[in-house]
Amino acid sequence: TTSPATSSTPQPPTTLGTSRVTTTPPTPTSTTTPGGGGGGPTTCPAIPSGLGTPVANALNDPFTFHGGGKVTTKADWACRQAELSQLQQQYELGTLPGKPASVTASFSGSALRITVSDNGKSISFSVTISNRPSGDGPFPAIITFGSFSSLPMPSGVATIAFNNDEIAQQQDGSSRGKGKFYDLYGSAHSAGALTAWAWGVSRILDALELTRAQTKIDPARIGVTGCSRNGKGAMVAGALEPRIALTLPEESGAGGAGCWRIAAWQKSQGQNVQDATQIVQENVWFSPAFNSYVNQVNNLPFDHHLLAGLIAPRPLYVMENADMEWLGRASTYGCMGIARKQWQALGALDRFGYSQVGGNSHCSFPTAQQGSELNAFIGKYLLNNPNAGNTDIFRSTANQNFNLDSWCPWTVPNLA
Ligand code: MCU
């Protein structure tokens, strides 16, 4: 017999390729964190309620806690990341649920089938694993959101096709609360689609951990990518799921690699750029809670440089399109140019790339980013080849009229 997928009672696996994981409720991230130095849990500063002091014509200081204390050590940085994750979930992304009561998985052909049970309900979805190299592995893999990604994959890396729209729909405003995430957690759950997809990515990782012997995929070497709206999804998945080893958002624009404050500034200069007020009307990528802040983005205690900061010092390579004003040509350049300082503080500049080139249509990957950039990141961080090339990249072919220094009036500590 097979184990009943809907039961929350822990039991040993009874069929080949089907395993069960049972978890305890997550500990509150606001009080303890594993710490950055390998020691025991660290006590983190309490997070004051409220938005704090507004920040205008600049981006929020990554290295000052919401309560005013300074980030001076790696352990502090882990606390600051836990705080920033909580603040971004509260005001923009919606709440990421903790580990579900049970996750089971089975692998057959190329389909990895995942069943998740929580709160007495259960859902199932499948992802397709392609291009698995022959041999015993284990092999790295890249999760690709939807059908927008055109990233050329080097050999030796499998791909895992994730139909993110099945987890949370993104047709337009009428998609709110629709998809398997909401079947499980209720259509009124605060999570926007980006957060629901990140939850789905976490369940794929759970499933890969359960089926290593069958899939021959190494759960510790998983990348994530997607383009445009799905690039926003890849960025948020990398930010909310620390098991992601390499985050590769392609042309994510506003709501991904762009900062709300810089988009608002671009708009005030008369540019046709997507900003926070427009994006919440177009689709359901964010929590309904964000609607209250789109007209006052200077009051937010974060911007998207700090979404990227949830990834630091894990490797991040951001690809943007220099020809598309709507995506926030200046906004992604400025936002990521300042985000980069978090990798600098951690002594990890070789794990941060931002590359904005033109000449290609939206989501058709340009060869200019392939050999020396994308392949270097995948080679170094998924294929374990330390000689794969330079991965300390910050470049734009656009003529940027943006003053990075004036937008970051704070100093960068040495946390390495
Ligand atoms: C860049 O991502 C989005 C953008 O935010 C939307 O305004 C536009 O409608 O669609 C883009 C996209 O996903 O294109 C495939």
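Refer to the structure printed above.
Per-chain numbering applies: the sequence of each chain, read as written, is numbered from 1 onward. In view of the model being predicted, local features appear only for residues whose pLDDT reaches at least 70, and side-chain atom pairs are presented and counted only at 80 or more, with totals across whole chains, interfaces and linings using the full set of residues. Hydrogens and water molecules were not included; the side-chain quantities draw on all heavy atoms of the structure.

## Remarks on the packing of helix H7 (residues 260-268) against helix H10 (residues 329-345)
- Structural elements are reduced to axes, namely lines fitted to C-alpha atoms, with helices fitted over the stretch in contact, and the angle between N-to-C directions of any two is expressed from 0 to 180 degrees. Under the scheme used here, helices are H or I runs from DSSP no shorter than 4 residues and strands are E runs no shorter than 2 residues, and both carry numbers assigned from the N terminus. Packing of H7 against H10 brings their axes to within 8 Å, and their N-to-C directions diverge by 145°. Between H7 and H10 the crossing geometry is right-handed. Each of Ile262, Ala263 and Gln266 in H7 lies in contact with H10, whose residues at this interface are Arg329, Ala330, Ser331, Gly334 and Cys335.
- Amino acid classes used here: Ala, Val, Leu, Ile, Met, Phe, Trp, Tyr, Cys and Pro are nonpolar; Asp, Glu, Lys and Arg are charged; the rest, including Gly, are polar. Tallied by class, residues from the contact of H7 with H10 come to four nonpolar, three polar and one charged. Handedness of a crossing is defined here by the sense of rotation of the near helix relative to the far one, left-handed for an anticlockwise turn of less than a right angle and right-handed for a clockwise turn. The contact criterion used throughout is that any non-hydrogen atoms of two residues lie within 4.5 Å.

## Looking at the packing of helix H4 (residues 193-210) against helix H6 (residues 229-240)
- Across the interface, H4 lies against H6 with an axial gap of 8 Å and an inter-helix angle of 60°. In terms of axis orientation, H4 runs oblique to H6. H4 and H6 meet at a crossing whose hand is right-handed. Where H4 approaches H6, its residues Leu194, Thr195, Trp197, Ala198 and Val201 are matched on the opposing element by Arg229, Asn230, Lys232, Gly233, Val236, Ala237 and Leu240. Throughout this description, any angle smaller than 35 degrees is read as roughly parallel, any larger than 145 degrees as roughly antiparallel, any in the 65 to 115 degree range as roughly perpendicular, and the remainder as oblique.

## Remarks on the environment of glycine 98
- Of note, glycine 98 is situated in the loop between helix H1 (74-93) and strand E4 (102-108).
- Residue glycine 98 is classed as partly exposed on the basis of its relative accessible area, which comes to 29%.
- C-alpha of glycine 98 to C-alpha of tryptophan 199: the two residues are 101 residues apart in sequence and 8.9 Å apart in space. Three exposure classes are used, based on accessible area relative to the maximum for each residue type with a 1.4 Å probe and protein chains only: buried under 20%, partly exposed in between, and exposed over 50%.

## Focus on the nonpolar core
- Formed by 97 residues in total, the largest nonpolar core has its most connected members in Leu112, Ile114, Phe125, Phe162, Trp197, Ile204 and Met336.
- Top element by residues in this core is H4. It accounts for 12 residues.
- In this text, buried Ala, Val, Leu, Ile, Met, Phe, Trp, Tyr and Cys residues form a nonpolar core when linked through side-chain atoms within 4.5 Å. Counting residues in hydrophobic clusters, the runner-up holds 15 residues, among them Leu151, Leu246, Met319 and Ile393.

## A word on the state of the cysteines
- For the purposes of this analysis, a disulfide is any pair of cysteine sulfur atoms at a distance within 2.5 Å. Inspection of every chain in the model, using the stated rule, returns three disulfides.
- Bridging cysteine 259 to cysteine 335, the disulfide has an S-S length of 2.0 Å. The sign of the S-S torsion, about 60°, decides the handedness of the disulfide formed by cysteine 259 and cysteine 335: right-handed. Here cysteine 335 lies in helix H10 and cysteine 259 lies in the loop between strand E10 (246-250) and H7, a separation of 76 residues in the sequence. Residues cysteine 259 and cysteine 335 agree in their burial class; the two are buried.
- Left unpaired, cysteine 408 is separated from the closest cysteine sulfur, that of cysteine 259, by 11 Å.
- A residue is classified by how much of its surface remains accessible, and cysteine 408, at 8% relative accessible area, is buried.

## Focus on the site of the ligand
- Every residue near the ligand is listed here: Phe148, Ser228, Arg229, Lys232, Glu251, Ser252, Gln274, Glu282, Trp285, Trp326, Leu327 and His362.
- Counting of polar contacts relies on pairs of N or O atoms within 3.5 Å, with two restrictions inside protein: one atom must be capable of donating a hydrogen and the other of accepting it, and residues adjacent in sequence are counted only when both atoms are side-chain atoms. Serine 228 places a polar side-chain atom, nitrogen or oxygen, 2.7 Å from an oxygen atom of the ligand.
- Between glutamate 282 and the ligand, the recorded distance is 2.6 Å, taken from a side-chain N or O atom to an oxygen atom.
- The method behind every accessible area is Shrake-Rupley, applied with a 1.4 Å probe, and residues are considered shielded solely by the protein chains displayed. Surface burial for the ligand is 84%, taken as the share of its 370 Å² of free accessible area covered by protein chains.
- By residue class, the composition of the shell around the ligand is four nonpolar, four polar and four charged. A single heavy atom is enough: if one lies within 4 Å of a molecule or strand, its residue is considered near that molecule or strand.

The values are spatial; any link to function lies outside them.
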